[in-house]
Amino acid sequence: MNPQAKLIFALSLIMGTTITISSNHWITAWAGLEINTLAILPLIAKSHHPRAIEAATKYFLTQSAASALVLFSSMTNAWHTGQWDITQLTHPVSCLILTSAISIKLGLVPFHFWFPEVLQGSPLTTGLLLSTVMKFPPITLLYMTAPSLNPTLLTSMAILSVALGGWMGLNQTQIRKILAFSSISHLGWMAAIISYDPKLTLLNFYLYSLMTTAVFLTLNSIKTLNLSVLMTTWTKTPSLSAMLLLTLLSLAGLPPLTGFLPKWLIIQELTKQDMAPAAIMISLLSLLSLFFYLRLAYCATITLPPHTTNHMKQWHTNKPVHPSVAILTVSATMLLPMSPMLSSII
């Protein structure tokens, strides 16, 4: 793709996100979401492969439906209350429609079907944007409207998201699909706590974005898209594969790694809110996700030759790792001792 075109799309993404997260009026928030959608579509379809075109079409249709629901929800609320302010969403029907719209935008269960397919048809760098940057504007809308939304509905969707995110990722061999189901599972944790402590949702999103960025950039640097190729990368970059193991375990939420922090705080807050059954449920269901993270980690580091893959072994390269990958990987594994400081900042 032309570098000038890439620059325009990147600037449009930044502008769309900024407009949505800084707006108080529903129309400007909707405009920001639309700019984001239109900017990411060429990046999904840039390879001109039929799967990429299909992914772009699916993304466009689902996001258009979600944007229409956001408009419908805000207009219904304005019709009944006379308010266009995002924080003044009080009409129950509007709240229900908005919950559906944001769930479609984020890929929460039961509106999750589009996300794995779109991620599978996108390049790794675009997949990274879809998993992190594109989730930020809907999360901020959820944050601003959280007091008005139905906590029982959000908790039910959260438990289903953690369950299906773990269960459907179990037999996948494509790494992008595994990361899509991982994203759905993490969004379940965020939706579970949004009604009780919205700041914890933002902390969870920031740390999830950090860890996912580290994983995507590592996979991009070793040019790996499925498990059979991942088995051969140990000989190519041993140190990077070892750090990928730790980053994946951090994404799974194992102590003493960074990913344990949001899960620990969310379980603690849910218990304080007399939501111990929900906390136990999502903790047990996240063990499903742990299985496929361990599978990825096993393929990345512990499967040494001889093995039964048909792929040729990779040549060991002395090409230096990009500094951003190194910084993100260290941050994705070693931030737990800084948890009191992170909690005070958030």
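Keep in mind that what you see is a predicted model, and the values were worked out from it rather than measured.

With that out of the way, let us pick up the pattern of salt bridges. Should their charged atoms come close, side chains of opposite charge can pair. For the structure on display, the rule yields three salt bridges. In this structure, Glu 54 and Lys 58 form a salt bridge, with 2.8 Å as the shortest nitrogen-oxygen distance. Of the two residues, Glu 54 and Lys 58 both sit in helix H3 (residues 50–81), four residues apart, roughly one turn of that helix. Of the residues examined, Lys 58 reaches a relative accessible area of 29% and is grouped as partly exposed. The shortest N-O distance in the salt bridge between Lys 177 and Glu 117 comes to 3.5 Å. Of the two residues, Lys 177 is situated in helix H9 (residues 175–193) and Glu 117 in helix H5 (residues 114–120); the sequence distance between them amounts to 60 residues.

What follows covers the nonpolar core. The biggest cluster of nonpolar side chains holds 100 residues, and the ones touching the most others in it are Ile 40, Ile 44, Tyr 59, Leu 130, Leu 141, Leu 219 and Leu 230. Ignoring any residue separated from it by four or fewer positions in sequence, one finds Leu 130 in contact with Ile 40, Ile 44, Tyr 59, Phe 115, Val 118, Leu 119, Ser 122 and Lys 135.

Two measures define how a pair of helices packs: the angle their axes make with one another and the distance between the axes. Two numbers describe how helix H12 (residues 238–252) lies on helix H14 (residues 276–302): the axes approach to 9 Å, and their chain directions differ by 180°. Considering their axes alone, H12 and H14 lie roughly antiparallel with respect to each other. Residue-level contacts link Ser 241, Ala 242, Leu 244, Leu 245, Leu 248, Leu 249, Leu 251 and Ala 252 of H12 to Leu 290, Tyr 293, Leu 294, Leu 296, Ala 297, Ala 300 and Thr 301 of H14. When the residues that make up the contact of H12 with H14 are grouped by side-chain class, the tally is 13 nonpolar, two polar and no charged.

Bringing unusual backbone geometry into the picture now. In this structure, Pro 110 follows Val 109 across a cis peptide bond, with omega equal to 10°. Mapped onto the elements, Pro 110 comes out in the loop between helix H4 (92–106) and H5. That bond from Pro 255 to Pro 256 is cis: its omega, 5°, falls within 30 degrees of zero. The residue Pro 256 is located in the loop between H12 and helix H13 (260–272) in this model. At Asp 274, a residue that is not glycine, the phi angle is positive and equals roughly 60°.

What follows concerns the domain arrangement of the protein. Split into domains, the protein comes out as domain 1 (1–109) and domain 2 (150–345). Inter-centroid distance (C-alpha atoms) of domain 1 to domain 2 is 26 Å. The interface of domain 1 with domain 2 comprises seven residues on the first partner and 10 residues on the second. Counting the surface lost from both domain 1 and domain 2, the interface buries some 740 Å², and carbon and sulfur atoms represent 79% of this.

For any two aromatic rings, the description comes down to two numbers: the centre-to-centre distance and the angle of the planes. Applying the stated criterion across every chain, the model contains seven aromatic pairs. Geometrically, the ring pair formed by Phe 136 and Tyr 206 is tilted, given 6.4 Å between the ring centres and 55° between the ring planes. Taken together, the residues Phe 136 in helix H7 (residues 136–145) and Tyr 206 in helix H10 (residues 198–221) connect sequence positions 70 residues apart. These aromatic residues form a ring-pair network of at least three members: Tyr 59, Trp 114 and Phe 115. Over the ring of Trp 189 we find Lys 263; its NZ or CZ atom is 5.1 Å from the centre of that ring.

Right, let's talk about the environment of Leu 129 for a bit. As for its position among the elements, Leu 129 is in helix H6 (residues 124–131). Using a relative accessible area of 23% as the deciding quantity, one classes Leu 129 as partly exposed. Taking the C-alpha atoms as reference points, Leu 129 and Leu 119, separated by 10 residues in sequence, lie 10.0 Å from one another.

Turning our attention to H13. Across its 13 residues, H13 extends 18 Å between first and last C-alpha, which sits within 8% of the 18 Å expected from 1.5 Å per residue. Residues of H13 that are buried: Leu 261, Pro 262, Lys 263, Leu 265, Ile 266, Glu 269 and Leu 270. Those residues of H13 that are buried lie in contact with H9, H10, H12, H14 and helix H16 (339–345).

A separate point is helix H1 (residues 3–22). What sets the pattern is the α-helix's 3.6 residues per turn: residues three or four places apart point alike. Across its 20 residues, H1 extends 28 Å between first and last C-alpha, which sits within 8% of the 28 Å expected from 1.5 Å per residue. Along H1, the residues classified as buried are Phe 9, Ser 12, Leu 13, Gly 16, Thr 17 and Thr 20. Take H1 and look down its axis: the buried residues cluster within an arc of 125°, on one side only. Counted as exposed and oriented over 90 degrees from the buried face of H1: Pro 3, Gln 4, Leu 7, Ile 8, Leu 11, Ile 14 and Ser 22. A distance of 3.2 Å separates the backbone nitrogen of Gln 4 from a side-chain oxygen at the start of H1, and that oxygen is part of Asn 2.

What counts, and where the lines are drawn
- Residues numbered from 1 in each chain as written.
- Predicted model: local features only at pLDDT ≥ 70, side-chain atom pairs only at ≥ 80, totals over all residues.
- Heavy atoms only, no water.
- Salt bridge = Lys/Arg side-chain N within 4 Å of Asp/Glu carboxyl O.
- Helix = DSSP H or I, 4+ residues; strand = E, 2+ residues; numbered from the N terminus.
- Buried < 20%, exposed > 50% of the residue type's maximum accessible area, 1.4 Å probe, protein only.
- Core = buried A, V, L, I, M, F, W, Y, C linked by side-chain atoms within 4.5 Å.
- Contact = heavy atoms within 4.5 Å.
- Axes fitted to C-alpha atoms, helices over the stretch in contact; angles between N-to-C directions.
- Parallel < 35°, antiparallel > 145°, perpendicular 65-115°, else oblique.
- Nonpolar A, V, L, I, M, F, W, Y, C, P; charged D, E, K, R; others polar.
- Domains from an automatic or database assignment.
- Buried area = accessible area lost by both parts, 1.4 Å probe.
- Phe/Tyr/Trp six-rings, centres within 6.5 Å; stacked < 30°, edge-to-face > 60°.
- Lys NZ or Arg CZ within 6 Å of the ring centre and 35° of its normal.
- Expected span 1.5 Å × (residues − 1).
- Arc of directions from axis to C-beta.
- Polar contact = N/O pair within 3.5 Å; in protein donor to acceptor, adjacent residues only side chain to side chain.

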